[in-house]
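As a plain string of letters, each chain reads:
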Amino acid sequence: MAINILEKRALMGAVAFVMLSLALTAYATWGLGINVASCIPLGTKPFEEASVVKHDGNIYEVHYVTRMWAFEPNVLRVPTGSTLDIYAMSKDVTHGLEIAGTNVNLMVVPGAVASGRVRFNKPGIYSMVCHEFCGKGHENMNARIEVVDGLNDFAVEGLPSSPGMKLMDSKGCLACHSIDGSAGVGPTFKGAWGSTVKMTDGSTRKLDEGFFSDMVQHPTVYSVDGFAPVMPEIQLSADEMKQMEDYLKELKK
Ligand code: CUA
């Protein structure tokens, strides 16, 4: 049976459409440098900790850890012309990782590593935001990348470097207490050490070794004004207590 002229046209149109789509995808990938985010199965240790590694050719491999409600690292400073290979994983729920003004827009699902590549040709401050609703502190979950002319090396802030921070992370403290000043279920730890705290009963206390130990051991007895008394008791050895105190002192600046 002969093919109807209309059928022939429809077929040719369909083929042309497919070719055009392929051509546009190819153009987006190679011409514009937009790449589709891909996921790598989790379980490889290097992806579970935040880190920045410099490679040849101004390429930086950045492993972001997302959590309620922060990005690690929080601030990354790189020279203009740097290329970032970004890998991101989540410690808790699904977060987003979007770098304003770039093609990086990742969904960070627990159990997988999301990745993307971006090149910074222009100096400036690029803000990074979480675009998945991830709870109470979602609005405050942000970080930034500073691209600076004439910089020789990179700099990074907000990496969980100290043992105290790792400990606080593993004990769950950081789920409620932010380390960057943002709001949370409990008071932020940033600048908290040595400050005067108002209690629910109207009294005030200075955050020092004594008060810290009271808070950790009897969190419902000593509740801080403006916050719900929901903190659980935490068992800490004297050594662990000291590590956390050291970390709080670090956050004072
Ligand atoms: Cu993380 Cu919203």
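Because the structure is a prediction, the values reported are computed rather than measured.

A.B. asks: With reference to specific residues and values, describe the environment of G181.
C.D. replies: In this structure, G181 sits in the loop between α2 (163-170) and β13 (196-198). For G181, a relative accessible area of 45% corresponds to the partly exposed category. Counting along the chain gives 11 residues from G181 to A192, while the straight-line C-alpha distance between them is 9.3 Å. Not counting residues up to four positions away in its chain, the partners in contact with G181 are T188 and K190.

A.B. asks: Describe the domain arrangement of the chain, with residues and values.
C.D. replies: Entries for the chain in the domain assignment read domain 1 (39-157) and domain 2 (163-250). Computed from C-alpha atoms alone, the centre-to-centre distance between domain 1 and domain 2 is 28 Å. At the junction of the two partners, domain 1 supplies 10 residues and domain 2 supplies 10 residues. Roughly 760 Å² is buried in total at the junction of domain 1 and domain 2, and carbon and sulfur atoms are behind 45% of that figure. At the boundary of domain 1 and domain 2, one finds two salt bridges. Between D169 and R67 there is a salt bridge whose closest N-O contact spans 2.8 Å. Put simply, domain 1 and domain 2 have two residue pairs in polar contact (both at pLDDT 80 or more) between them.

A.B. asks: Before we move on, can you summarise the packing of aromatic side chains with the specific residues and values?
C.D. replies: Throughout the structure, instances matching the rule amount to three aromatic pairs. On the basis of an interplanar angle of 75° and a centroid distance of 5.5 Å, the ring pair of Y60 and F154 is categorised as edge-to-face. Residue Y60 is located in strand β3 (residues 59-67), and its partner F154 is located in the loop between β11 (142-148) and β12 (155-157); the two are separated by 94 residues in the primary sequence. Ring geometry for F120 against Y126: centres 4.6 Å apart, planes inclined by 55°, an arrangement best described as tilted. Assessed through its relative accessible area of 1%, F120 is described here as buried.

Conventions we followed
Residues numbered from 1 in each chain as written. Predicted model: local features only at pLDDT ≥ 70, side-chain atom pairs only at ≥ 80, totals over all residues. Heavy atoms only, no water. Helix = DSSP H or I, 4+ residues; strand = E, 2+ residues; numbered from the N terminus. Buried < 20%, exposed > 50% of the residue type's maximum accessible area, 1.4 Å probe, protein only. Contact = heavy atoms within 4.5 Å. Domains from an automatic or database assignment. Buried area = accessible area lost by both parts, 1.4 Å probe. Salt bridge = Lys/Arg side-chain N within 4 Å of Asp/Glu carboxyl O. Polar contact = N/O pair within 3.5 Å; in protein donor to acceptor, adjacent residues only side chain to side chain. Phe/Tyr/Trp six-rings, centres within 6.5 Å; stacked < 30°, edge-to-face > 60°.

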